[in-house]
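Summary of structural features
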Amino acid sequence: MPPPIVLSFAASDPSGGAGLQADLMTVSALGCHALSVTTALTVQDSVGVAGVLAVDADWVEDQARTLLQDMPVAAFKIGLLGSADNILIIADILADYPLLPVVLDPVLASGRGDELADDEMIAALRELLLPLTTILTPNTLEARRLSDQAQAAHDDQAVDVDVDVDVDVCAQRLLSLGCEYVLLTGTHDNTPRVVNRLYGREAGLLRSDSWDRLPGSYHGSGCTLASAIAAHLARGLPVSEATQAAQDYTWQALAAGFRVGMGQYLPDRFFRLRAGGGGLLA
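Heads up: these notes are all about the structure in this document. (Residues numbered from 1 in each chain as written. Predicted model: local features only at pLDDT ≥ 70, side-chain atom pairs only at ≥ 80, totals over all residues. Heavy atoms only, no water.)

On to the pattern of salt bridges. Going through the model one piece at a time under the given rule, you end up with seven salt bridges. One salt bridge in this structure joins Arg65 and Glu61, with 3.6 Å as the shortest N-O distance. Pair noted here: Arg65 and Glu61 are both in helix α2 (residues 57–70), with a separation of four residues, about one helical turn. We note a salt bridge from Asp209 to Arg207, for which the minimum N-O separation is 2.8 Å. One network of salt bridges, with partners in common, ties together Glu61, Arg65 and Asp96. (Salt bridge = Lys/Arg side-chain N within 4 Å of Asp/Glu carboxyl O. Helix = DSSP H or I, 4+ residues; strand = E, 2+ residues; numbered from the N terminus.)

Structure (structure tokens):
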């Protein structure tokens, strides 16, 4: 039997820390075959992002449609999309595959704080992609920005991000926009341990997982987590089990991370091979 296939829509990261490169490594390490649709080219390293060049939406569509006509995809993973036009075309594509799980990592800024999505893109994410999303994986900063924009649009007011809004409120606002699940990650919270919370549209808080907070900062941790969830969903795990297994894999990849540049650490997605584990799967 061939391995399950995960198709990633994301930007290319020449450093190999995040973006398509992170998706390809993570999906492969977890026993799936990775397909990639390039949404943007970036100039970046382990320190930050210096430039983003969006790929034309027609090219994004042609890449995806060509692959989907040839190979049976089991799950989609979505990262940095480059433009509102790309979001529109990807929403059209996903609508043709309503039974496949979609994992959306809402990449709004780099770890250094470089802006990677403007208000038009965030509005398109909210209105077009969230209703097609199986599981959304924002950190608390991204969740507050997305949910406050949603509330502002509902109230017809200017966006004013409230950093003190309760995370449960953020999750409920995001679920109300149409996604089935929200995995809210606590990497940016000032807490002794990282607490990640999974919410469902019907049941509310489904699980809360706590992880030792690792020293330093990491380039591509969000991409790794979202891709790992997509890989586990492609392999047939239910959402709750897929998120737990993906968190475990991501924490181990971060714990084994290495610093080869002047900025953030890079996760070691192949830590099991380098540790002599003799295999890729858990």
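This paragraph deals with the sheet that holds strand β8 (residues 193–200). Strand order in the open sheet formed by nine strands is β3-β2-β1-β4-β5-β6-β7-β8-β9, and the pairing between neighbours is mixed. Looking at which strands have only one partner, the edges of the open sheet turn out to be β3 (49–54) and β9 (204–212). Here four bridges tie strand β1 (residues 5–12) to strand β4 (residues 75–78), and the two strands are oriented parallel to one another. Across the sheet, Val6 pairs through a bridge with Ala75, a residue of β4. Seen against the sheet, helix α6 (residues 167–176) touches β6 (135–136), β7 (181–184), β8 and β9 and runs at an angle of roughly 35 degrees to β8. (Pairing = 2+ DSSP bridges. Contact = heavy atoms within 4.5 Å. Axes fitted to C-alpha atoms, helices over the stretch in contact; angles between N-to-C directions.)

Bringing a negative patch on the surface into the picture now. A cluster of like negative charges, contributed by Asp56, Asp58, Asp62, Asp85, Asp118, Asp119 and Glu120, occupies part of the molecular surface. If you list the elements that add at least two residues to the negative patch, you get α2 and α4 (119–129). Mapped onto the secondary structure, Glu120 falls in helix α4. (Patch = residues over 30% accessible without salt bridge, like charges linked within 9 Å, V, L, I, M, F, W, Y side chains within 5 Å. Areas by Shrake-Rupley, 256 points an atom, 1.4 Å probe, with all protein chains shown as cover. Lys, Arg positive; Asp, Glu negative; His and termini not counted. Charge placed at Lys NZ, Arg CZ, Asp CG, Glu CD.)

On to the packing of aromatic side chains, then. In this description, a pair of aromatic rings is defined by centroid distance and the angle of the planes. Using the criterion set out here, one finds four aromatic pairs in the structure. Here the aromatic rings of Tyr218 and Tyr265 are separated by 5.8 Å at their centres, their planes lie at 45 degrees, and the arrangement is tilted. Of this pair, Tyr218 sits in the loop between β9 and α7 (221–234) while Tyr265 sits in the loop between α8 (239–255) and α9 (271–274), and the two are 47 residues apart along the sequence. Between Tyr249 and Phe271, the aromatic rings sit 5.6 Å apart at their centres with planes inclined by 40 degrees, giving tilted as the arrangement. With a gap of 22 residues between them, Tyr249 in helix α8 and Phe271 in helix α9 connect regions that are remote in the sequence. For Tyr249, a relative accessible area of 1% puts it in the buried group. Members of the aromatic cluster, each reached through a chain of ring pairs, are Phe9, Phe76 and Tyr97. (Phe/Tyr/Trp six-rings, centres within 6.5 Å; stacked < 30°, edge-to-face > 60°. Buried < 20%, exposed > 50% of the residue type's maximum accessible area, 1.4 Å probe, protein only.)

Our focus in this paragraph is the nonpolar core. Ranked by size, the top nonpolar core spans 45 residues in total, and within it Leu7, Phe9, Phe76, Ile78, Ile90 and Leu129 carry the most contacts. Tallying contributions element by element places helix α3 (residues 84–95) first for this core, with seven residues. If you look at the next biggest cluster of nonpolar residues, it comprises 25 residues, including Val103, Leu183, Leu198 and Leu233. (Core = buried A, V, L, I, M, F, W, Y, C linked by side-chain atoms within 4.5 Å.)

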